[in-house]
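The chain contents come next:
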Amino acid sequence: DVDSHVSSTGNVVVSMDPPKAVLSTEHPPASILPNLRTFSAQNNELTEFPEALSRCTKLSEILLAGNIIPEIPASAGKLRRLEVLVLRKNRLQKLPPELSRAKRLHTLDLGDNPLSESPASAHNNNTKAFLGFLTALNQGLKTASASFAHQGLGSLPLQLLDVRMLKSLNLSFNALEAVPRQIAQLDILTNLDLRDNLLSDLPIDIGLCTALHTLHLDRNKFEDIPENLCNLAHVQVLTMQSNNISSLTCDLANMVGLVLLDLAHNEGLGGVAAELLRESVTRLMTYLREIQSGLVYRSVNLTRRGLNSFPIEVYAGADKFHRLTLAYNEITEIPGSIEKMVALIVLDVSHNLISSLPDEIGRLTRLEELHLEDNKLRSLPASFESLSNLLSLSMELNPFDAFPCPFIHNWTALADLSLDTEKVATLPEGAVHTITELIPLEIMTQGLAKAVQYRERLQQSRATGRLDCSIMSLWFVPAAVLQMPLLTSVNFTGNALLMLPPAIALLDSLKELGLNDNRLSLLPAALASLTKLKILSAMDNRLQRLAPQLCKLTQLEELNVTNNPLLTLPPQEVVRAGLKPTLAFLQKVAKGISHGQVELAAMRLTSLQLPWHELHSCLQALVLSRNELTSLPHETSSLTALTALWLDNNSLSSFPESMGRLVSLKSLALDNNLLTALPSCICSLSALERLTTDNNSLRFLHPRMSELQSLTLLSAANNRLTMLPSSLALISSLRSIALSGNPLAPLPPSLRERHDIEMDVPRA
């Protein structure tokens, strides 16, 4: 089967070209190996590259086309005189990097092989380029550092990723459009150079290259910093010059080891991030971490950061942020793109240099609180009318030319409007202006005639002591009025007053105050200073509460707060009972603020509303006995200083689970209600010493009551208890149990053995 002869040049040629002749791996014969120059075994069914060829030191030509060889052994690299290697039509996936040692090789034919792990140069018979690839690969095997720069790679050969000991890899100046996920196999890679390619993203698996500390991505096609890259916490150097990056993700803050970030020549990158990066990587990372933290808490505070433009990086949480604070900066413009912040509830851009607001701000329809004070605003956009959910709007210290938002008459929720509203009006006859001639802006908006009318009323009041400011479209109590302490009567009926300022207390001569038909939600504590007040009328407002301190108005003869359906403090049933019960209720609540005890027994209360924020840290005792309560508000659980709570003789059928937060509670009275079970939250009252639940409809006691290790008295007489939990015996402090009037089965043995407990139980 083997044809062996000596050529005219003296070379030994072995040929096995008859079709389907099968060559044993033992061929060619050992006797001809030293002088073998050409070996041809084409169109056979060879399944292996003849290992013996690696010993043919003079071999210059190997022809193995048309076989089924799957791989070439590394020993082929020993053929230093090899010039021609024809392996067309085999099953090769790759060639060994050791083949690069065959320096004389000039013809390499690999056509019609799968070569799925090899570069494109292997497919198009570019011998020089392919050998360059193998040379670099071989270098990587030797030194753990490989450079494949300028090799025209359009994709990353998987064979390269088999060199897992690589620590440094240079793939710059190629045409790579993607990095394969198998990059994660290079788990000790420390330096990766991908400059001057066509990359626009990186695979998620890049995050598994945890040893990577230097990464070059300059002059690619990135439009942002890939989020997958941001998981590389150990990267110290990242360069991405001359890409198309226009913004930075706050996830960049996860790269806690970063000391050098080069984003030069990204023309679209500007604003806050670029400015901070020019200062230092540390400042940029601190800024991004603040935004990242805000994503967790749905709030970001960038007060006093020296910002001169709007931080577009907050758009990363556009649908998450509820609060954005940018106060005390030098921002000059709010971009229209703020409309992305659709979840915003609170926006504070006060103390900046903003001269106008974009129309798009009207799309932030969830806003409830907006701070615009101390800017350069002269007007508001028409779209502002859409912000009808605003509860609070602050606009002081802006040079408005006119009352900026007359449309807010339609804002039914607005409770707090702050605005510098008074200016000197041009009045006839060259009048000399003083503080009392300043005209509220909302009046000036109605024309000069209205301004003159207002001025005349002020002048008349100096002689009579009575001022009529009714139906003037006032949103605020004018400063001029607050400068007139001798007034005895003021009428603000039919305006749009949202609040009464603390300075109202200066009008201490007042005997009559008319506040009907306004938009007040509170009669404030400042009114308590008007000790001569006899008539106070605030009908047809939006009152929710009266300050408890109003109980000091001992000269009051008439208090009219009718037609305020939102009023809960005092409750409506108390208000309907008249002036004396109302003042008595307020006095008891005020005592709770000053002395820590509120006693509201027998007041026919059907609901409970208190100034929780004033009582939560000081109230120790709350007496609500003999009322008509059917439930407790969840705010009751905020009274964390409470030690005694009397709820007996009401109509309670349930108990809010949040009451378990009353960790200081020592005494709880629930007698004579409609309870059928005690909620598990009672078992969390670790300080509880006395619990009385007589005359209810309890059917069982919770097994977790053994957690009440401070309990000394348990009274549950006249209920429907049929058995007791044996865990009661585990309460070492328990000294008294009253259970008469219950259809009880015999006590658990563990309770019967507690001779230190005085028990009042039904006799068998």
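It should be noted that the structure appears before, not after, this text.
Note that this is a predicted model, so its numbers are computed, not measured.

Caption draft 1: Structural detail: the pattern of salt bridges. Within this structure, the stated rule accounts for 18 salt bridges. We note a salt bridge from Asp756 to Arg735, for which the minimum N-O separation is 3.1 Å. Linking Asp756 in the loop between α11 (749-752) and β35 (758-760) with Arg735 in the loop between β33 (713-715) and β34 (736-738), this pair joins segments that are 21 residues apart in sequence. Judged by relative accessible area, which is 40%, Arg735 ranks as partly exposed. A single network of salt bridges, built from pairs that share partners, joins Arg88, Asp109 and Asp112.

Caption draft 2: Up close: empty space enclosed by the protein. Counted under the stated rule, the structure contains one cavity of 30 Å³ or more. Taken as a whole, the largest cavity holds about 30 Å³ of empty space. Leu536, Leu546, Leu550, Leu553, Leu556, Leu559, Leu583 and Leu586 together form the lining of the largest cavity. Considering only residue class, the lining of the largest cavity consists of eight nonpolar, no polar and no charged.

Caption draft 3: Representation of the nonpolar core in the model. Phe384 and Leu393 are the most contacted members of the largest nonpolar core, which totals 129 residues. Those elements giving two or more residues to this core turn out to be β3 (36-40), α2 (127-143), α3 (271-279) and α4 (281-297). Once residues within four sequence positions are removed from consideration, Leu393 is found in contact with Leu370, Leu372, Phe384, Cys405, Trp411, Leu414, Asp416, Leu417 and Ser418. Counting residues in each nonpolar core, the second largest holds 100 residues, with Leu458, Leu513, Leu567 and Ile737 among its members.

Caption draft 4: Quick look at unusual backbone geometry. The residue after Leu569, namely Pro570, is reached through a cis peptide bond having omega 0°. With respect to the helices and strands, Pro570 occurs in the loop between β27 (558-560) and α8 (572-576). At Arg626, a position not held by glycine, the phi torsion is positive, near 55°. Of note, Arg626 is situated in the loop between β29 (621-623) and β30 (644-646). The backbone of Asn695 shows a phi angle near 60°, a positive value even though the residue is not glycine. According to the relative accessible area criterion, Asn695 is partly exposed, its value standing at 33%.

What counts, and at which threshold
- Residues numbered from 1 in each chain as written.
- Predicted model: local features only at pLDDT ≥ 70, side-chain atom pairs only at ≥ 80, totals over all residues.
- Heavy atoms only, no water.
- Salt bridge = Lys/Arg side-chain N within 4 Å of Asp/Glu carboxyl O.
- Helix = DSSP H or I, 4+ residues; strand = E, 2+ residues; numbered from the N terminus.
- Buried < 20%, exposed > 50% of the residue type's maximum accessible area, 1.4 Å probe, protein only.
- 1 Å grid on protein atoms, 1.4 Å probe; cavity = no way out; pocket = protein on both sides within 12 Å on 5 of 7 lines; lining within 4 Å.
- Points joined across faces, edges and corners; volume = space filled by probe spheres on them.
- Nonpolar A, V, L, I, M, F, W, Y, C, P; charged D, E, K, R; others polar.
- Core = buried A, V, L, I, M, F, W, Y, C linked by side-chain atoms within 4.5 Å.
- Contact = heavy atoms within 4.5 Å.

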